[in-house]
Structures are given as structure tokens and as C-alpha cells.
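Structure at a glance
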Amino acid sequence: MATEVAQIPAEETPAVAASTENAEQADKPAAATEAAPAAAAPAEKEGAGDAAQDKDNKEEKADAAAGDGEAKKEEATAVAKTDAPPPAQKFNVHKANFEKDIIYLYQFSRTPLLPSLSPYCLKVETWLRLVGLKYENVDHKMRFRSKKGQLPFIELNGEEIADSAIIIKELSAKYDKNLDAGLTAEQRNVSYATIAMLENHLIWIIFYWRAKYPDNVLKGYKVNLQHALGLRLPNSILNFFFKITFGRKGTKKLKAHGIGVHSAEEIEEFGKSDLKVLSEMLDCKPFFFGDEPTTLDVVAFAVLSQLHYLSKDIAYPLRDYMTEKCPNLIGHVSRMKDKCFPDWDEICTKLDLNAHIPKPEPETKEGKEGGEQEKSNEQEGTEGDKIEKELEKDKSNEKESTEENKEKEETK
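Summarised in this report is the structure supplied together with it. (Residues numbered from 1 in each chain as written. Predicted model: local features only at pLDDT ≥ 70, side-chain atom pairs only at ≥ 80, totals over all residues. Heavy atoms only, no water.)

1. Considering the overall build of the protein
Rules: For the purposes of this entry, the term helix denotes a DSSP run of H or I that reaches at least four residues, the term strand denotes a run of E that reaches at least two, and both are numbered from the N terminus. Exposure categories follow from relative accessible area, calculated using a 1.4 Å probe and restricted to protein chains: below 20% of the type maximum is buried, above 50% is exposed, and the middle band is partly exposed. Contacts between residues were defined by any pair of non-hydrogen atoms, one from each residue, lying within 4.5 Å. The method behind every accessible area is Shrake-Rupley, applied with a 1.4 Å probe, and residues are considered shielded solely by the protein chains displayed.
On a plain count of helices and strands, the protein comes out with 15 helices and four strands. Evaluated residue by residue, the protein yields a buried proportion of 33% over its 412 residues. In the protein, of all internal contacts separated by at least 6 residues, the share reaching a separation of at least 24 is 74%. Element-wise, carbon and sulfur atoms account for 52% of the exposed surface of the protein, whose accessible area totals about 26,300 Å².

Structure (C-alpha cells):
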């Protein structure tokens, strides 16, 4: 009996005890007494087991919650990394604060007679103006060179492009600005060969004269080295070093090129032959291939300008030959100048690298000036009133003194 009762859950024990027979009533107290401890033991065990189970469940839930928290944290970190903006791209250019799609041109400083003493620099700027691309000259006082050691070079969207021919080629492809698109295959070949003659022969003949007479370069183009280089040293010192270094370096380059091994007379004849060929090619046309300028016209203008705009005070036989024997080339230079450099006079007068860029209008000070004028008028009026009051006061004092004198006289 005790065994059966022990197997029954504690909450069912009172019902079983009520249904036993009368014969067993005598044993009931003893049985109940024996059953109570027996029933209590499993209940305590089961209660302890349930508490342990609850504790394990809580720990499992806590571990699961902690795991979920770490997973969410990792997920949030991953999302934050995904949403974070990429690091700013670093550009290895001189113009760090560049604007998108603005071409920054690095070239030589201006002179009072010519926008640039470098035919290659003048070539690039003339081409940019002719095709209508936005550009800005960087006033670097000739301190920078390209990675190739050259001027000119440009920077576009954080990228450097050097060499005048490569600059024009890449910009033509990028912006679809090919000046030679309308030429035939034969005309393109003629243009290519003539440009090679200009840039690899005639230019070096001009450089030969410059290296031989560096003093005439400064005088002939009225170069102010103090302004061109941005230095405070006196021009006399700068001119002295220019003559030495420019002549020495120029002579080395000319010998390396090959033109420097010839005599002055031979080099002069080479130059006259080049000019004669150009004059015969141009003939009576406004430009070399018709009514519109092409790349050949740009290069020819950049080179011939170095001769034409040299001061007449400086003797130069090649310049005189072009003026006398090739007047159509002079006309070509003038047409290109008018077409591409309407601000030529402003450039050469102010030596402004960016005369083509509209300047911001100065702030009007009419209101301020009007207010100042009114204020000054008020001040003048106030001062006038003071003066009038002083005069009236003086008059009244004089009148009073006169009356006093009369009274004294009457008293006497």
C-alpha cells in the first residue's frame, strides 16, 4: 500500500485515501503517516529537478541571447562597413583642388610681345582656344615640369598629360575635337610631314639663334625675368645668369639634335628654305587646306609667331626674309591671331595668363557711397549751423557791448 501511494503524484494523494475500505481505516493513520514522507521525497526531487531544468533553460536562453547579440553586432558592423564611403582618391598632381573637366595648362610666363616664348606652349593654347575647350593657365612661374621634364603639360581630372602632340591627340579623342576630320588621306599625310618639318627643323633653327644671342631674346621679346620667374633679385643679376645658362644648355641641345654642327650661314639657308616651302603651300588660301584652320595651321602659327612678333629693334635675317619674301605667311599669322586671340593686346599689356576667363564684377558701393555722401552733407550742414550760431553770438555780444558803452557815456 505504501508502495502504491509512493508512486502517485503528491497532488492526487487525498482522493486515494478517501476511497479505501472501512477495514483498512484502522491502518489509515499509519499508512498516511508512512505515505506522506514517501510522497514528499519524489516531490522534492521533482521540484529540484524542475528548478535545475529551469536554470539550464535560462542559461541556454542567456547564451542564445548573447550569441544573437554578437551576431547582430557583427551584422551591424558589416552593414556599417558596406555603407561607409570609400576613402578619397589621392591624385599625384600639382593642382590639388582641381575642378572636374577643367584643363589646367602649365606653360611659360607671358611676354609683352607674345603670349608664350615656347612654340609648343603657344601651340597647345591656340588649339584649346580654337576648339573651344575650357582651360585655365596655372601661374607657376615656370617652377614645374612634367614627369617627362617638359613644358607644356596639362592636368585633367587628376591626371597629367605631357608633350604638345600627345596632349592634342588625347583631348581630340576625349572631346571629339579633331580639326583634321574633314581632310583627305593625302592631306593628312601632307599635314603630318609639314608639322614634322616645322617642329623638328624650323623650330630648332630659331632655337639656334636664341642660344647664340640670349641677350637679344630678352631684348627682342622684352622679357622681364623678375616677373616671369617670380623672384625679387634684380633683373641685372637674373639676366646675367640667364645668358650663361640658356646659352650653354641651348648649345648642348643643338649639337645633340644635329643642327648645331652647321655654320650660321648654312642654318640660315635651311630656315629660308623651310619658309619658302610653307609660303608656296599656303599660296593664296586663308589657311593651308582651305577656309577653315587645321592642326597644321595651329602649329605654323605657333612657330611663325616667334619670328613675326620679335621686336623690329633686333636684327634677325630670318624674320626679315619672311616679312619681305613671304607676306602670305604674315597674313596667315594675323588671321590666326584674330581668330584665336581676340584678347592678345590685353594679354601682352597686363601679362594676364587667364585673360580669356571672365573676371567677377566688382561689388557696387553706390549705397555705401550714397550713405557716406549724405552723412558728409549732414556733417557739413551741422558745421554750417554751428558757424552761423557763432556769428550770431558774436553779433549779439558786439551789440550788447555797444549798448553798454552808450549807457556809460550817457551816465557820464
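2. Notes on helix α4 (residues 119–131)
Threshold: Multiplying one less than the number of residues by 1.5 Å gives the expected span of a helix.
With 13 residues, α4 should reach 18 Å at 1.5 Å per residue; the first-to-last C-alpha distance of 18 Å fits that figure. Summarising burial for α4: twelve of the 13 residues are buried, a large majority. Taken as a whole, α4 has its buried residues at P119, C121, L122, K123, V124, E125, T126, W127, L128, R129, L130 and V131. A positive backbone phi angle near 80 degrees is found at G132, which sits one or two residues after α4.

3. Thoughts on the environment of Y309
Locating Y309 in the fold gives a position in the loop between α11 (295–308) and α12 (317–325). Relative accessible area serves as the criterion here: at 15%, Y309 is assigned to the buried category.

4. Some thoughts on the nonpolar core
Test applied: What is meant by a nonpolar core is a set of buried Ala, Val, Leu, Ile, Met, Phe, Trp, Tyr and Cys residues, joined one to another through side-chain atoms within 4.5 Å.
Counting 71 residues, the largest nonpolar core has L128, L171, L275 and L304 as the members making the most contacts within it. No other element matches the eleven residues that helix α6 (residues 185–212) contributes to this core. The residues contacting L128, other than those within four sequence positions of it, are I103, L105, L133, Y135 and L171. Formed by eight residues, the second largest nonpolar core is a distinct cluster that contains Y106, V138, F153 and A162.

5. Describing the pairing of strand β4 (residues 159–162)
For a regular strand, the rule is simple: side chains alternate between the two faces of the sheet. Defined as follows: One bridge is not enough; two strands pair if DSSP finds at least two bridges between them.
Sheet topology note: the strand β3 (residues 153–156)/β4 ladder contains four bridges and is antiparallel. If you follow E155 over to β4, its bridge partner there is E160. Here β3 folds back onto β4 in antiparallel fashion, the turn holding two residues, of which N157 has a positive phi close to 55 degrees.

6. What about the side chain of N328?
To keep it simple, the criterion reads: The definition of a polar contact used here is a pair of N or O atoms within 3.5 Å, where within protein one atom must be able to donate a hydrogen and the other to accept one, and adjacent residues in sequence count solely through side-chain atom pairs.
For N328, the position within the fold is in helix α13 (residues 327–340). At 2.8 Å, the side chain of N328 forms a polar contact with the side chain of S279.

7. So, the layout of surface pockets
For clarity, the threshold we go by: Residues are called lining when one of their atoms sits within 4 Å of a cavity or pocket point, these points coming from a 1 Å grid over the protein atoms alone, where a cavity is a set in which a 1.4 Å probe fits but cannot get out and a pocket is an open set with protein on both sides within 12 Å along at least five of seven lines. Grid points are joined across faces, edges and corners, and a volume is the space filled by probe spheres set on the points. Each residue gets one label: Ala, Val, Leu, Ile, Met, Phe, Trp, Tyr, Cys and Pro are nonpolar, Asp, Glu, Lys and Arg are charged, and the others, such as Gly, are polar.
Size it by volume and the largest pocket reaches roughly 1,400 Å³. If you go around the largest pocket, you meet 38 residues; those closest to its centre are F108, R145, F207, F246 and K253. For the lining of the largest pocket, the secondary structure elements donating two or more residues are α4, α5 (164–175), α6, α7 (214–220), α8 (225–229) and α9 (235–257). Looking at the lining of the largest pocket element by element, the count peaks at eight residues for α9. Of the residues that constitute the lining of the largest pocket, the class distribution is 22 nonpolar, nine polar and seven charged.

8. Section: the pattern of salt bridges
Any two side chains of opposite charge can pair, on the condition that their charged atoms come close. Let me state the cut-off plainly: Salt bridge, as used here, is a side-chain nitrogen of Lys or Arg placed within 4 Å of a carboxyl oxygen of Asp or Glu.
Using the criterion set out here, one finds 13 salt bridges in the structure. Between D139 and K141 there is a salt bridge; the shortest N-O distance is 3.7 Å. According to the relative accessible area criterion, K141 is buried, its value standing at 19%. Put simply, K243 and D215 hold a salt bridge, and the shortest N to O gap is 3.2 Å. Within this pair, whereas K243 is found in helix α9, its partner D215 is found in helix α7, the two being separated by 28 residues in sequence. Looking at K243, the relative accessible area reads 35%, which means it is partly exposed. One network of salt bridges, in which partners are shared, links R110, E125, R129 and D343.

9. Re the sheet that holds β3
What counts is decided by this rule: Angles shown run from 0 to 180 degrees and are taken between the N-to-C directions of axes, each axis being a line fitted to C-alpha atoms and, for helices, limited to the stretch in contact.
In spatial order, the strands read β2-β1-β3-β4; together these four strands make up an open sheet with mixed pairing. The open sheet has two free edges, formed respectively by β2 (135–137) and β4, since each of these has just one partner strand. Neighbour-to-neighbour, the strand axes of the sheet open up by a mean angle of 25 degrees, direction not taken into account. Pairing of strand β1 (residues 103–106) with β3 involves three bridges; the strand directions are antiparallel. Within the sheet, the bridge partner assigned to Y106 lies in β3 and is F153.

10. Considering α6
Here is the rule we go by: At any given residue, the bend is defined as the angle formed between two axes, one fitted to the seven residues that end at that position and one fitted to the seven that begin there.
Helix length check: α6 (28 residues) gives 40 Å between terminal C-alpha atoms against 40 Å at 1.5 Å per residue, within 8%. Its axis deflected by about 30 degrees at L198, α6 carries its strongest bend there.

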